[in-house]
Every structure is written in structure tokens, then in C-alpha cells.
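Listed below are the residues making up each chain.
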Amino acid sequence: RRDLAVTGTPLRAGGRTWRRGLGVHAPSRLAFALDGAWSRLRGSVAIDDSVLRLAARGSVVFRVLVDGEVRFESDVVRGGDAPRALEVDVRGARELVLEVDMDGDHFVADRADWLGLVLSR
């Protein structure tokens, strides 16, 4: 979901509400065509704070691929962890892919948030 958690509620991570971002459930893969004129992707990743009310907290790995090459891969992110910043060089890129994979505890509560993403020229 654009600018919402996968549950349809506002994006919330690290105890704060984020106005902009993408809410997905792992596993997920979002691909975007680029024209080669962009330079950098910045933002943060986290599991949505909505899982804090659940028995399971979720655990995922975030990955950014640029023209098929992994340019960012988080360590395991768990519900309740602070958001992790990302900054990726996308100069000359034709395709940007945002992936979220499940960690070893299946997909329960894997409510992943891509937060405050900014693609700049």
C-alpha cells in the first residue's frame, strides 16, 4: 500500500508515524522502471509497529536491487527494532527492485515498511 501499512493503517515504526512510504507483507517484490537519470535512493526500513500488539513480531530481510545487482541488504529486521536507514546509488539505472524476504520464522507478522523513500536526480 502506498503511504499506509499493509493493514491499511498509518505507517508506524520506531514509535513514530511516517507520512510517506510503502507497506507490504513478506515476501514481496516491487519493480520500478527508471530512465537512467536518477542518482540516489534514500529512506528507512522497518517492521510496522502494528505487530507490537501481536504474539508474533515478524522478521524479514530488506533488499534493494539495481539492474539486477544487490545494492542494499539489511540484516534481519524484527518487529520492535528501530528503523534502519538506507542509501543506494542508482546512477544510470534502468530498473529498481525493492524486495522483502521472510526470515526463518515463516511469514507471521512480516508487515514490512519502506519508509520515507526519496529518489533524487
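For every chain, the first residue of the written sequence is number 1, and numbering continues from 1 onward in sequence order. pLDDT decides what is reported in this predicted model: residues at 70 or higher carry local features, side-chain atom pairs at 80 or more are listed and counted, and totals for whole chains, interfaces and linings draw on all residues regardless. The basis for every side-chain value is the complete set of non-hydrogen atoms in the structure, without hydrogens or water.

> Please clarify how the sheet that holds strand β3 (residues 21-25) should be interpreted in this entry.
Strands in a sheet are paired, the pairing made by backbone hydrogen bonds, and the direction either parallel or antiparallel. Being paired, for any two strands, means DSSP has found at least two bridges between them. Secondary structure elements are taken from DSSP: a helix is a run of H or I of four residues or more, a strand is a run of E of two residues or more, and numbering for both begins at the N terminus. Taken in spatial order, the four strands line up as β3-β11-β5-β9 in an open sheet, and their pairing is antiparallel. Edge positions in the sheet fall to β3 and β9 (84-89), since each has one partner strand and no second. Pairwise comparison of adjacent strand axes, ignoring direction, gives a mean angle of 25° for this sheet. Across six bridges, strand β5 (residues 40-47) lies against β9 in antiparallel orientation. Note on β9: the bridge partner recorded for V45 is R84. Angular values range over 0 to 180 degrees, each being the angle between N-to-C directions of two axes fitted as lines to C-alpha atoms, with helices fitted over their stretch in contact.

> How should I be thinking about the pattern of salt bridges in this particular structure?
It is possible for side chains of opposite charge to pair when their charged atoms get near one another. Whenever Lys or Arg places a side-chain nitrogen within 4 Å of a carboxyl oxygen from Asp or Glu, that contact is recorded as a salt bridge. Scanning the model with the defined rule gives twelve salt bridges in all. A salt bridge links E73 to R63; the shortest N-O distance between them is 2.6 Å. Residue E73 is found in strand β7 (residues 69-73), and its partner R63 is found in strand β6 (residues 59-66); the two are separated by ten residues along the sequence. Working definition: with a 1.4 Å probe on protein chains only, accessible area under 20% of the residue-type maximum means buried, over 50% means exposed, and in between means partly exposed. On the accessibility criterion, E73 (48% relative accessible area) is partly exposed. One network of salt bridges, in which partners are shared, links R29, R63, E73, E99 and D101.

> Could you clarify how one ought to interpret the pairing of β5 in this entry?
Look at any regular strand and the pattern is simple: side chains alternate between the two faces of the sheet. Buried residues dominate β5, accounting for six of its eight residues. By the bridge criterion, seven bridges tie β5 to strand β11 (residues 111-120) in an arrangement that is antiparallel. Among the inter-strand pairings, R40 is bridged to a residue of β11, identified as S120.

> I would appreciate a short explanation of the environment of A13 in the present structure.
With respect to the helices, strands and loops of the structure, A13 is situated in strand β1 (residues 11-13). For A13 and L65, which are 52 residues apart along the polypeptide, the C-alpha to C-alpha distance reads 23 Å. Contacts: residue pairs with any heavy atoms within 4.5 Å of one another. If we skip the residues at most four places from it in the chain, A13 touches W18, A46, I47, D49, P83 and L115.

> I tried to follow the side chain of S74 on my own but got confused; where do I start?
Counting through the fold element by element, S74 comes out in the loop between β7 and β8 (77-78). Its relative accessible area of 8% is what places S74 among the buried residues. At 2.9 Å, the side chain of S74 and the backbone nitrogen of F62 are in polar contact. Under the rule applied, a polar contact is a pair of N or O atoms within 3.5 Å (in protein, one hydrogen donor and one hydrogen acceptor; residues adjacent in sequence only if both atoms are side-chain atoms).

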